[in-house]
Amino acid sequence: GQSLEQPSEVTAVEGAIVQINCTYQTSGFYGLSWYQQHDGGAPTFLSYNALDGLEETGRFSSFLSRSDSYGYLLLQELQMKDSASYFCAVRNGLGGYQKVTFGIGTKLQVIP
Amino acid sequence: EAQVTQNPRYLITVTGKKLTVTCSQNMNHEYMSWYRQDPGLGLRQIYYSMNVEVTDKGDVPEGYKVSRKEKRNFPLILESPSPNQTSLYFCASSPLRDQTQYFGPGTRLLVL
């Protein structure tokens, strides 16, 4: 089966940098995705890593190490609107691009 | 506007009364999926579909049925709802070989 572990809560100061880690155990790994979900809203896609290394999209970056089964989401120049839950997810299966497993989510609180 | 729609958004029902939650996407995506979200458990996949007439179980399929007769629609059927199916449900879609999932707004279900 698949499992992902991420911290349940993180608190950070506005303007600072925060890193949210995700470790996974899975078969047929095809990459690690990150989603953001504000309270009462739907998850929205942030980034995806299929290969080792860093992917940057504006203030958000995501990193993957396949050998360590580990990834992280890095949020820079934190803003109050970044307060949300962040989920890592893997999509895998024998034929690829099939079953999706999410972590339990990390609730990020940004404080002034 | 590219979107995933779900109906109804809110539903209160009683144990054993069959119900259907509809999901429709206008992006011509092959992959569609249903998730339930419960506090402390994150998003868990119920069923997914890789194309018309192709569906498969996710991690928590018990008590649910799906069908994919048209590419745009992927209804979730609860033939005999029970209180443990009280949850927030999300439908999502993506191109088959793309990790970016687009989520619907969610359906909040209460089974009494």
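Structure: above.
Overview of the structure. (Residues numbered from 1 in each chain as written. Chains lettered and ligands numbered in written order. Predicted model: local features only at pLDDT ≥ 70, side-chain atom pairs only at ≥ 80, totals over all residues. Heavy atoms only, no water.)

Turning to the interface of chain B and chain A, a few remarks are in order. Listed per partner, the contact involves 25 residues of chain B and 20 residues of chain A. The contact between chain B and chain A buries some 1900 Å² in all, and 52% of this surface belongs to carbon and sulfur atoms. Interface area lost by chain B to chain A is led by Leu 43, Gln 99 and Phe 103 of chain B, which between them contribute 34%. For the pair chain B and chain A, the interface holds one salt bridge. The salt bridge involving Lys 99 of chain A is made with Asp 59 of chain B; its shortest N-O contact spans 3.4 Å. (Contact = heavy atoms within 4.5 Å. Buried area = accessible area lost by both parts, 1.4 Å probe. Salt bridge = Lys/Arg side-chain N within 4 Å of Asp/Glu carboxyl O.)

What follows is about the sheet that holds strand 1 (residues 3-5) of chain A. Residue and element names in this part refer to chain A. Read across the sheet, five strands follow the order 1-3-8-7-6 without closing on themselves; strand pairing throughout is antiparallel. With partners counted over all chains shown, the strands left at the sheet margins are strand 1 and strand 6 (53-57), one partner each. Within this sheet the neighbouring strands show an average axis-to-axis angle of 20 degrees, counted without direction. Bridge count for strand 7 (residues 60-65) against strand 8 (residues 70-75) is six bridges, and the pairing is antiparallel. The partner of Leu 64 across the bridge, within strand 8, is Gly 71. (Pairing = 2+ DSSP bridges. Helix = DSSP H or I, 4+ residues; strand = E, 2+ residues; numbered from the N terminus. Axes fitted to C-alpha atoms, helices over the stretch in contact; angles between N-to-C directions.)

Here the amide bond leading from Asn 7 of chain B into Pro 8 of chain B is cis, since omega sits at -5 degrees, within 30 degrees of zero. Here Pro 8 of chain B lies in the loop between strand 1 (4-7) and strand 2 (10-13). Of note, Glu 77 of chain A is a non-glycine position whose phi angle comes to about 45 degrees, a positive value. Note that Glu 77 of chain A resides in the loop between strand 8 and strand 9 (84-92). On the accessibility criterion, Glu 77 of chain A (54% relative accessible area) is exposed. Of note, the phi angle at Asn 28 of chain B is positive, near 60 degrees, even though the residue is not glycine. Tracing the sequence through the fold places Asn 28 of chain B in the loop between strand 3 (19-25) and strand 4 (31-38). (Buried < 20%, exposed > 50% of the residue type's maximum accessible area, 1.4 Å probe, protein only.)

Attention now moves to empty space enclosed by the protein. Residue and element names in this part refer to chain A. In total, this model carries one cavity of 30 Å³ or more according to the counting rule given. In this structure, the largest cavity encloses a volume near 30 Å³. The greatest single-element share of the lining of the largest cavity, amounting to three residues, is contributed by strand 9. Taken together, the residues that form the lining of the largest cavity break down as four nonpolar, three polar and one charged. (1 Å grid on protein atoms, 1.4 Å probe; cavity = no way out; pocket = protein on both sides within 12 Å on 5 of 7 lines; lining within 4 Å. Points joined across faces, edges and corners; volume = space filled by probe spheres on them. Nonpolar A, V, L, I, M, F, W, Y, C, P; charged D, E, K, R; others polar.)

Next up on the list: the state of the cysteines. Residues and elements named next belong to chain A. In the structure shown here, the tally under the stated rule is two disulfides over all chains. With its sulfur 2.2 Å from that of its partner, Cys 22 forms a disulfide with Cys 88. Handedness of the Cys 22-Cys 88 disulfide follows from its S-S torsion of about 75 degrees: it is right-handed. Highlighted residues: Cys 22 in strand 3 (residues 18-25) and Cys 88 in strand 9, separated in sequence by 66 residues. With respect to class, Cys 22 is no different from Cys 88; both count as buried. (Disulfide = S-S within 2.5 Å.)

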